[in-house]
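Architecture at a glance
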Amino acid sequence: MPTSQTSYGPPLNSLNASVPAPDRPYRADLTLFMVIAFAVSWLSWGVAIALGGTETNAAANAPYMLGAFGPLVGALVLRIRRRRRGEPVPEHVVPFRPALLPKALLLLVLGSATVLAAALLASRAGGPELSLDVAKDTVADFGGPAAFLVGMLVSGPLSEEPGWRGTAYPRLREKLGTFRVCLVLGVTWAVWHLPLFFIDGTVQHDLGLATPSGVLFVASNIPMAMLVTAAYERAGIAASIAVHFAVNTTMILLAVEEPKVQAMILGIQALTVTVLLLTHRTGRRHP
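In this report, we go over the structure that sits alongside the text. (Residues numbered from 1 in each chain as written. Predicted model: local features only at pLDDT ≥ 70, side-chain atom pairs only at ≥ 80, totals over all residues. Heavy atoms only, no water.)

Helix and strand counts for the chain come out as 11 helices and zero strands. Going residue by residue from the N terminus, the α and β elements of the chain occur as α-α-α-α-α-α-α-α-α-α-α. The burial tally for the chain puts 42% of its 287 residues in the buried class. Carbon together with sulfur atoms contributes 67% to the accessible area of the chain, which is approximately 14800 Å² in total. (Helix = DSSP H or I, 4+ residues; strand = E, 2+ residues; numbered from the N terminus. Buried < 20%, exposed > 50% of the residue type's maximum accessible area, 1.4 Å probe, protein only. Areas by Shrake-Rupley, 256 points an atom, 1.4 Å probe, with all protein chains shown as cover.)

Structure representation (structure tokens):
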């Protein structure tokens, strides 16, 4: 007998057509994230440069600070977009769990230790001596311990990690291995920082782009990206924020500017990252 042509639902081929290929939304997400992150940051920093920098013009402080939040803005836009579309969370997102906070604290100590150990070794090798007075002066310049710690937490760790690690990393991991993603994000991170070398009053401007210190700062983005990624894989965004905070804070307190110290930090972080990546098996996670 001939079968009825009555349809009780949409054709199977139309259902398949409505489901996007797994990699397409991630590619679109990554493109949108990068455009937003770079546009917000570089446009803001461009204004700061046009105003003469924070050292000579207090009005440049606002766009300079705003520029740090480019990755966070990109992350928020993507999260809102994904929820409105009902898209699933990328499988390589590491969900936040309170039980992981002790591990995040241990990784914070490890991040600080990589810088402190490098500074001590460099000092023994003829580099600059460590000075408690320098650290005290730095904290005083920020307006005291509370202002210093809040500033170091917000500008960098909180303004960047939800974007680079919490948003870009899981999407890149859908197609690339951890090591390759770290390289991609490290190079991207280094390029993203470049305008800071042209803002008078920043650490990067003081280092200078065409100097050994400036070149080492740019190169250090790769092992640093690997370090915070290894932390993210173990304990999520809280851990990557903690490590980013620990490294930045320790470097500022120790006034790390000498190429010998920077090179030592780069080497120690590279070794630390190698151990962390080799001793951790990345798995797909479903938050």
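So, next bit.
This part is about the environment of Ala 190. For Ala 190, the position within the fold is in helix α8 (residues 178-193). Here the alpha-carbon distance between Ala 190 and Phe 217, two residues 27 residues apart in the chain, equals 8.4 Å. If we ignore the near neighbours within four places in the chain, the residues touching Ala 190 are Val 218 and Asn 221. (Contact = heavy atoms within 4.5 Å.)

This part takes up a negative patch on the surface. A contiguous patch of negative charge, built from Glu 55, Asp 206, Glu 257 and Glu 258, is present on the exposed surface. In this fold, Glu 258 is placed in the loop between α10 (212-253) and α11 (259-278). (Patch = residues over 30% accessible without salt bridge, like charges linked within 9 Å, V, L, I, M, F, W, Y side chains within 5 Å. Salt bridge = Lys/Arg side-chain N within 4 Å of Asp/Glu carboxyl O. Lys, Arg positive; Asp, Glu negative; His and termini not counted. Charge placed at Lys NZ, Arg CZ, Asp CG, Glu CD.)

With that settled, the discussion passes to α10. With 42 residues, α10 should reach 62 Å at 1.5 Å per residue; the first-to-last C-alpha distance of 21 Å falls well below that figure. Of all the bends in α10, the largest measures some 145° and sits at Ala 235. The positive-phi residue at the C-terminal boundary of α10 is Ala 255, with phi of around 50°. (Expected span 1.5 Å × (residues − 1). Bend = angle between axes of the 7 residues up to and from the residue.)

The next thing to look at is the packing of aromatic side chains. Counted under the stated rule, the structure contains seven aromatic pairs. Taken together, a centroid distance of 5.7 Å and an interplanar angle of 80° make the contact between Trp 164 and Trp 192 edge-to-face. In this pair, Trp 164 sits in helix α7 (residues 145-172) while Trp 192 sits in helix α8, placing the two residues 28 residues apart along the sequence. One exposure class covers both Trp 164 and Trp 192, and it is buried. (Phe/Tyr/Trp six-rings, centres within 6.5 Å; stacked < 30°, edge-to-face > 60°.)

What follows covers the side chain of Thr 188. Here Thr 188 shows up in helix α8. The class of Thr 188 is buried, set by a relative accessible area of 17%. Here Thr 188 is in contact with Met 34, Phe 38 and Trp 164, once residues within four sequence places are set aside.

Bringing the pattern of salt bridges into the picture now. Under the criterion given, the structure shown has four salt bridges. When the shortest N-O distance is used, the salt bridge between Arg 85 and Glu 87 registers 3.7 Å. In this structure Arg 85 comes out as exposed when scored by relative accessible area, which is 52%. Close ionic contact of Arg 165 with Glu 161 constitutes a salt bridge, the shortest N to O distance being 2.8 Å. Placement of the pair is Arg 165 and Glu 161 together in helix α7, with a separation of four residues, close to one helical turn. It is possible to trace a salt-bridge network through shared partners that takes in Asp 29, Arg 81 and Arg 171.

Core analysis: the biggest nonpolar cluster contains 47 residues, and Trp 164, Leu 185, Trp 189 and Val 243 have the highest contact counts within it. Sorting the residues of this core by element identifies α2 (23-50), α5 (101-124), α7, α8, α10 and α11 as the ones contributing at least two each. Here this core gets 12 residues from one element, more than from any other, and that element is α10. In contact with Trp 189, not counting residues within four places along its chain, are Glu 160, Glu 161, Trp 164, Arg 165, Asn 221, Met 224, Ala 225, Val 228 and His 244. (Core = buried A, V, L, I, M, F, W, Y, C linked by side-chain atoms within 4.5 Å.)

Another point: α7. If you check α7, its first and last C-alpha atoms are 38 Å apart, about what 28 residues at 1.5 Å a residue would give, namely 40 Å. The sharpest bend along α7 reaches about 50° and sits at Glu 161, with the proline Pro 162 one to four residues further on.

On the surface, a cluster of nonpolar side chains totalling about 240 Å² of accessible area is made up of Trp 42, Val 187 and Val 191. On the basis of relative accessible area, Val 191 is assigned to the partly exposed category, the value being 34%.

Let's shift gears to the packing of helix α4 (residues 70-85) against α7. Across the interface, α4 lies against α7 with an axial gap of 7 Å and an inter-helix angle of 50°. Classified by the interaxial angle, the pair formed by α4 and α7 is oblique. Of the two elements, α4 crosses α7, and the hand of that crossing is left-handed. Together, Pro 71, Leu 72, Ala 75, Leu 78 and Arg 82 of α4 and Leu 158, Ser 159, Glu 160, Pro 162, Gly 163, Trp 164, Thr 167 and Arg 171 of α7 make up the contact between the two elements. Its residues assigned to classes, the contact of α4 with α7 shows seven nonpolar, three polar and three charged. (Axes fitted to C-alpha atoms, helices over the stretch in contact; angles between N-to-C directions. Parallel < 35°, antiparallel > 145°, perpendicular 65-115°, else oblique. Left-handed = near helix turned anticlockwise from the far one by under 90°. Nonpolar A, V, L, I, M, F, W, Y, C, P; charged D, E, K, R; others polar.)

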